[in-house]
Amino acid sequence: MIINKPACAAVISLYALLPQGVSAQEGTDIGESDEEIIILDDSGPGGSGDEVILVDEPVAEDEILIPASDEEVEIQDDAIVIETPEEETETVVIDEGQPEDVATAGEDSSGVRIAVDDLRLEYSILGDSNEPADTLQFLHGAFSAEWDVRENWEVRIAARLDSHHQSGNPSVSDTKLDYGETYIRYRGEQTRVTFGAQTVLWGRIDEVPPTDRHSTSDMTRFILDDLQDRRRARPMLRVESFRGNSKYDFVLMPTFRGAELPDVDSIWYPIDRDNGKLLGIESSPAMTAVVSGANIDDDAPEQDGGFGFRYSRTTSDLDYALSIQYGRQTTPYFSYDAATTTFKAQYPRAWTLGGDLGFEAAGATWRFEASHVDLVPSTRPDLSYTEVKGVNWAAGVEFYPGDSDTRVNLQLVGTNLYDTPTLLDRTEIYSFNGSVEMPFAQDRWRANMRFFLGLDKKDVYLNPEIAFLGWEPHELYLQLHYFDGANGTVGDFHQDHSMLTLGWRAKF
């Protein structure tokens, strides 16, 4: 059968617009398949050349009725071949919906999908003359490869390179290669089983989710990055079961991986021996003397990783989840051993019961989350180590004011220790944090503000950013990181570490 080229294009366009199950003419059902029609056009404007319109199912000749022209179209079982008088015809044979010799983006002919997940380069200038460090340089690269070894089985290998450089006195030069999410996964109809290094973030709240207890923290840059960039992969077995609107999620961690810590001389290390400060503890002349002359032991145990279980359900009105976890916290708590004048990292094991829920109302998404921890490490006034109980909770709202592209995310967060003896630690901490993100100039630019504000004590972190997005896949950004706070707060510990950062980021 012969049809003209323009009319053929019109038919294909009509096909794309028709809903499934609607026929182009009576007795002709065009939309019975979910598969797409692909058009390969090797002829430029005004030129000649063959065109092959690929289809995923046999095409019957009586399904397309178009008058003939000089450009001929031959209907075959697995292709529509458009030929011109000047050229020989060429037919592409379809195998399961895609030509065998066509690979998707980032995928080689063997089916391996290779990606550069993140490339980043930053240069920062510290603005406080009291801080011995002058500049920070950061280079980061994350790479991955994935492939389906057989039906229902997937393999992923990932690695990351991080290089930190700090000029001044003391100077730091630290470059490390680490594994990323590297695993083998089985995907069934209702079950997914993953074994290997993974990053699992439970909870619903951004920045500080109370039920996130088993993910390994990345403390090498403190809170400069978003939450997902402040986590490292750790070995575990994960089993996810999907039953209707419910999900059962179980993780087993045979080994323990503590938080990734910066170099002990880095400004982001939680003990500042130069200024005699311990993160989270009020400074005093006596404490300054102890910290300045102390040794540090931050070794983490390798065994007793723990386990966790989370049940979540989605309904028409709300989403909710309940979780139970047993294992070591990954962020170290430093206790003081007077006999050896050493601050030793503690990674206590604890039971954690938690829950979270979310729903939409009044044009916004509302989130609530809380957890009870039966063992929270603490320090008495005589610097002896003890353990108490505590509750972590958070409430958040996310909305787009005036149905604009501006995204506002606000959160109220609290930590309460109870039935405690007299402690150097703060037994009540309340803070307000969030972010405001606004794209503009046809989405070629983005303005963003992240912030943390203490409510019970002055504690300030501000992170305004302006980014240029018009050079895809590259992103250029300028950031300010500002810290300030009362004695014993995070803002006080880092008050000399405010900085201006120029950065570049890309993904391929």
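Quick caveat: nothing in here was measured; it's all calculated off a predicted structure. (Residues numbered from 1 in each chain as written. Predicted model: local features only at pLDDT ≥ 70, side-chain atom pairs only at ≥ 80, totals over all residues. Heavy atoms only, no water.)

**Description of the overall build of the protein**
Thought 1: Helix and strand counts for the protein stand at three helices and 30 strands.
Thought 2: Evaluated residue by residue, the protein yields a buried proportion of 44% over its 508 residues.
Thought 3: Long-range pairs, those at least 24 residues apart, make up 55% of the contacts in the protein between residues at least 6 apart in sequence. (Helix = DSSP H or I, 4+ residues; strand = E, 2+ residues; numbered from the N terminus. Buried < 20%, exposed > 50% of the residue type's maximum accessible area, 1.4 Å probe, protein only. Contact = heavy atoms within 4.5 Å.)

**Overview of a nonpolar patch on the surface**
Thought 1: A grouping of Met438, Phe440, Trp445, Leu453, Leu462, Ile466, Leu478, Leu480, Tyr482, Leu500 and Leu502 is seen on the molecular surface, where their side chains present a nonpolar patch of about 870 Å² in accessible area.
Thought 2: Secondary-structure elements contributing two or more residues to the nonpolar patch are strand S26 (428-440), strand S27 (445-454), strand S28 (459-471), strand S29 (474-485) and strand S30 (499-506).
Thought 3: At three residues, the largest contribution of residues to the nonpolar patch is made by S29. (Patch = residues over 30% accessible without salt bridge, like charges linked within 9 Å, V, L, I, M, F, W, Y side chains within 5 Å. Areas by Shrake-Rupley, 256 points an atom, 1.4 Å probe, with all protein chains shown as cover. Salt bridge = Lys/Arg side-chain N within 4 Å of Asp/Glu carboxyl O.)

**Side note on the packing of aromatic side chains**
Thought 1: As enumerated under the stated definition, the model contains 20 aromatic pairs in all.
Thought 2: Relative to Tyr385, the ring of Tyr333 lies with its centre 6.2 Å away and its plane at 50°, an arrangement referred to as tilted. Of this pair, Tyr333 sits in strand S20 (residues 333-337) while Tyr385 sits in strand S24 (residues 385-399), and the two are 52 residues apart along the sequence.
Thought 3: An aromatic cluster is present here, built from Phe222, Trp268, Phe452, Tyr461 and Phe483 joined pairwise through their rings.
Thought 4: Over the aromatic face of Phe138 sits the side chain of Arg221, whose NZ or CZ is 4.1 Å from the ring centroid. (Phe/Tyr/Trp six-rings, centres within 6.5 Å; stacked < 30°, edge-to-face > 60°. Lys NZ or Arg CZ within 6 Å of the ring centre and 35° of its normal.)

**Topic: the environment of Asn169**
Thought 1: Here Asn169 is to be found in the loop between strand S7 (153-168) and strand S8 (172-179).
Thought 2: Measuring from C-alpha to C-alpha, the distance between Asn169 and Asp265 comes to 9.2 Å, with 96 residues separating the pair along the chain.

**Section: the sheet that holds strand S17 (residues 295-297)**
Thought 1: In spatial order, the strands read S17-S21-S20; together these three strands make up an open sheet with mixed pairing. The open sheet terminates on both sides in strands that have one partner only, identified here as S17 and S20. The sheet shows a mean angle of 30° between the axes of neighbouring strands, taken without regard to direction.
Thought 2: Sheet topology note: the S17/strand S21 (residues 342-346) ladder contains three bridges and is parallel. The residue bridging Ile296 from the neighbouring strand is Phe343, located in S21. (Pairing = 2+ DSSP bridges. Axes fitted to C-alpha atoms, helices over the stretch in contact; angles between N-to-C directions.)

**Overview of the environment of Ala441**
Thought 1: Within the fold, Ala441 resides in the loop between S26 and S27.
Thought 2: For Ala441 and Gly470, which are 29 residues apart along the polypeptide, the C-alpha to C-alpha distance reads 9.5 Å.

**Some words on the nonpolar core**
Thought 1: One finds Ile271, Leu278, Val291, Phe334 and Phe343 to be the most contacted residues of the largest nonpolar core, which totals 17 residues.
Thought 2: Looking at this core, the elements that each hand over two or more residues are helix H2 (285-292), S20 and S21.
Thought 3: For Phe343, the contacting residues outside a window of four places in its chain are Ile271, Leu278, Val290, Val291, Ala294, Asn295, Ile296, Asp297, Phe334, Ser335 and Tyr336. (Core = buried A, V, L, I, M, F, W, Y, C linked by side-chain atoms within 4.5 Å.)

**Concerning unusual backbone geometry**
Thought 1: Backbone torsion omega between Asn169 and Pro170 reads 10°, so that peptide bond is classified as cis.
Thought 2: Within the fold, Pro170 resides in the loop between S7 and S8.
Thought 3: You will see that Asp304, though not glycine, has its phi angle at about 60°, which is positive.
Thought 4: Of note in the backbone geometry, Asp403 takes a positive phi value of approximately 55° without being a glycine.

**Things to note about the pairing of strand S13 (residues 234-243)**
Thought 1: Note that strand S10 (residues 191-198) and S13 share eight bridges and pair antiparallel. Note that in S13 the partner of Gly196 across the bridge is Met236.
Thought 2: The hairpin turn running from S13 into strand S14 (residues 246-253), its antiparallel successor, is two residues long, and Gly244 in that turn takes a positive phi close to 65°.

**Focus: the environment of Leu462**
Thought 1: As for its placement among the helices and strands, Leu462 is situated in strand S28.
Thought 2: With sequence-adjacent residues up to four places away left out, Leu462 is seen in contact with Arg450, Phe451, Leu453, Leu480, His481 and Tyr482.

**Things to note about the confidence of the model for the protein**
Thought 1: Chain-level statistics for the protein give a pLDDT mean of 84 and a share of 78% at 70 or above.
Thought 2: Overall, residues 1-105 carries pLDDT values under 50, and its contacts beyond four positions in sequence, including any with other chains, amount to 148 contacts. (pLDDT = per-residue confidence, 0-100.)

**Some words on the pattern of salt bridges**
Thought 1: Summed over the entire model, instances satisfying the criterion amount to 42 salt bridges.
Thought 2: Arg113 serves as the salt-bridge partner of Asp148, at 3.6 Å between the closest nitrogen and oxygen. Residue Asp148 is located in strand S6 (residues 133-150), and its partner Arg113 is located in strand S5 (residues 113-126); the two are separated by 35 residues in the primary sequence.
Thought 3: For the salt bridge of Asp226 with Arg450, the shortest nitrogen-to-oxygen distance reads 3.6 Å. Here the residue Asp226 occupies a position in the loop between strand S11 (216-217) and strand S12 (231-232), and Arg450 occupies one in strand S27, the gap between them amounting to 224 residues.
Thought 4: According to the relative accessible area criterion, Arg450 is buried, its value standing at 4%.
Thought 5: In the salt-bridge network here, residues are joined through shared partners; they are Arg160, Asp162, Lys176, Asp178, Asp218, Arg232, Arg257 and Glu260.

**Things to note about the pairing of strand S18 (residues 306-314)**
Thought 1: When S14 meets S18, the two strands line up antiparallel, connected through eight bridges. Pairing of Met253 across the sheet is with Gly306, part of S18.

**Points about the side chain of Arg426**
Thought 1: Relative to the assigned elements, Arg426 resides in the loop between strand S25 (407-418) and S26.
Thought 2: A polar contact is formed between the side chain of Arg426 and the side chain of Asp456, at a distance of 2.8 Å.
Thought 3: Other than its neighbours up to four places away in sequence, Arg426 contacts Leu417, Asp456, Lys457, Gly488 and Thr489. (Polar contact = N/O pair within 3.5 Å; in protein donor to acceptor, adjacent residues only side chain to side chain.)

**A closer look at the side chain of His481**
Thought 1: Within the secondary structure, His481 sits in strand S29.
Thought 2: The exposure class of His481 is buried, given its relative accessible area of 1%.
Thought 3: Separated by 3.0 Å, the side chains of His481 and Gln479 make a polar contact.
Thought 4: Not counting residues within four places of it along the chain, the set of residues in contact with His481 comprises Leu224, Tyr461, Leu462, Asn463, His497, Ser498, Met499 and Thr501.

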